[in-house]
Amino acid sequence: MHKCAFRALLNLEGGKHERSRCHYLIDQLLGYLTRRDYKTALIVFNKNNKDFSKILETIVPSVEAHLNFVFNDGQIDENEWHFTMQSVGDESRQV
């Protein structure tokens, strides 16, 4: 069986960041995954928001409040975090 090592969702952040928007993007990303996917990423590009640091401050609490959140694996660097999430439709599977 072949495994897809990586699946990503790119988002161009164009305005204010809200928890519901973050949850929508996580739901969208988790919905794209198949049984073979075991790593994924949500990448946010900032084009217009001049106070991007405030958006970055909301990421951890927003992800941790998501229904599929399992564990915060830590901050890798200034703009990168790793989280373990529960797969949609299979509570025993984590990505």
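To be clear, the structure that these remarks concern was listed above.
Anyway, here's the lowdown on the structure attached to this text. Per chain, residue numbering runs from 1 following the sequence as it is written. Note on the predicted model: pLDDT of at least 70 is required for a residue's local features to be given, and 80 or more for side-chain atom pairs to be given and counted; whole-chain, interface and lining totals, by contrast, use all residues. To get the side-chain values, take all heavy atoms of the structure and skip hydrogens and water.

Some details on the overall build of the protein
As a reminder of what qualifies: Secondary structure elements follow DSSP: runs of H or I of four or more residues count as helices, runs of E of two or more count as strands, with numbering from the N terminus. To sort residues, take the accessible area from a 1.4 Å probe on protein chains only and compare it with the maximum for the residue type: under 20% means buried, over 50% means exposed, and anything in between is partly exposed. In what follows, residue pairs with any heavy atoms lying within 4.5 Å of each other are defined as contacts. For every accessible area listed, the method is Shrake-Rupley and the probe measures 1.4 Å; residues are considered covered only by the protein chains on display.
Helix and strand counts for the protein stand at two helices and five strands. Helices and strands in the protein line up, N terminus first, as β-α-β-α-β-β-β. A buried classification covers 28% of the 95 residues belonging to the protein. Sequence-distant contacts in the protein: of pairs separated by 6 or more residues, those separated by 24 or more amount to 55%. In the form shown here, the protein has an accessible surface area of approximately 6,700 Å², with 51% of it arising from carbon and sulfur atoms.

Looking at the layout of surface pockets
Where we set the bar: Here a cavity denotes grid points, spaced 1 Å and computed from the protein atoms alone, that fit a 1.4 Å probe unable to get out, and a pocket denotes an open set having protein on both sides within 12 Å along at least 5 of 7 lines; residues with an atom within 4 Å of a point are the lining. Grid points are joined across faces, edges and corners, and a volume is the space filled by probe spheres set on the points. Polar here means any residue outside two lists: the nonpolar Ala, Val, Leu, Ile, Met, Phe, Trp, Tyr, Cys and Pro, and the charged Asp, Glu, Lys and Arg; Gly therefore counts as polar.
The calculated volume of the largest pocket comes to roughly 830 Å³. Thr 40, Ala 41, Leu 42, Trp 81 and Phe 83 are the residues nearest the centre of the largest pocket, which is lined by 27 residues in total. For the lining of the largest pocket, the secondary structure elements donating two or more residues are helix H1 (19-32), strand E2 (40-46), helix H2 (52-64) and strand E4 (80-87). Partitioned by chemical class, the residues of the lining of the largest pocket number 19 nonpolar, four polar and four charged.

Some points on the side chain of Ser 87
Counting through the fold element by element, Ser 87 comes out in strand E4. Setting aside residues no more than four positions away along its own chain, Ser 87 makes contact with Asn 68, Arg 93 and Gln 94.

Brief notes about the sheet that holds E4
Applicable threshold: Paired strands, as defined in this entry, are two strands with at least two bridges between them according to DSSP. Helix axes use the C-alpha atoms of the stretch in contact, all axes being lines fitted to C-alpha atoms, and the angles between their N-to-C directions lie in the range 0 to 180 degrees.
Here we have three strands laid out as an open sheet, ordered E3-E4-E5, and antiparallel in their pairing. Each having just a single partner strand, strand E3 (69-77) and strand E5 (90-94) make up the two edges of the open sheet. Averaged over all neighbouring strand pairs, the angle between strand axes comes to 25 degrees, with direction disregarded. Two elements, E4 and E5, share two bridges in a ladder whose sense is antiparallel. Bridging from a neighbouring strand, Gln 86 pairs with Gln 94 of E5. Most of the contacts of H2 go to E4, to which it runs at about 20 degrees, and overall it touches E3 and E4.

Quick look at the environment of Arg 35
Along the chain, Arg 35 turns up in the loop between H1 and E2. Among the residues examined, Arg 35 registers a relative accessible area of 68% and is labelled exposed. Between the C-alpha atom of Arg 35 and that of Arg 93, which follows or precedes it by 58 residues, the distance is 8.8 Å.

Here's the deal with the environment of Asn 79
When you line up the elements, Asn 79 lands in the loop between E3 and E4. For the pair Asn 79 and Glu 57, spaced 22 residues apart in sequence, the C-alpha separation works out to 9.9 Å.

Thoughts on H2
As a reminder of what qualifies: Two axes are fitted around each residue, one to the seven residues ending there and one to the seven starting there, and the angle between them is reported as the bend at that residue.
Considering bend angle alone, the principal kink of H2 is centred on Thr 58 and spans about 30 degrees; proline Pro 61 follows within four residues of it. Of all the positions in H2, only Ile 55, Leu 56, Ile 59, Ser 62 and Val 63 are classed as buried.

A word on the side chain of Arg 93
The line we're drawing: For the charge count, each Lys or Arg is scored as positive and each Asp or Glu as negative, with His and the chain ends excluded. Here, a salt bridge means any side-chain nitrogen of Lys or Arg that lies within 4 Å of a carboxyl oxygen of Asp or Glu.
Along the chain, Arg 93 falls in strand E5. Despite its burial, Arg 93 pairs with no opposite charge, the nearest such side chain being Asp 90 at 5.3 Å.

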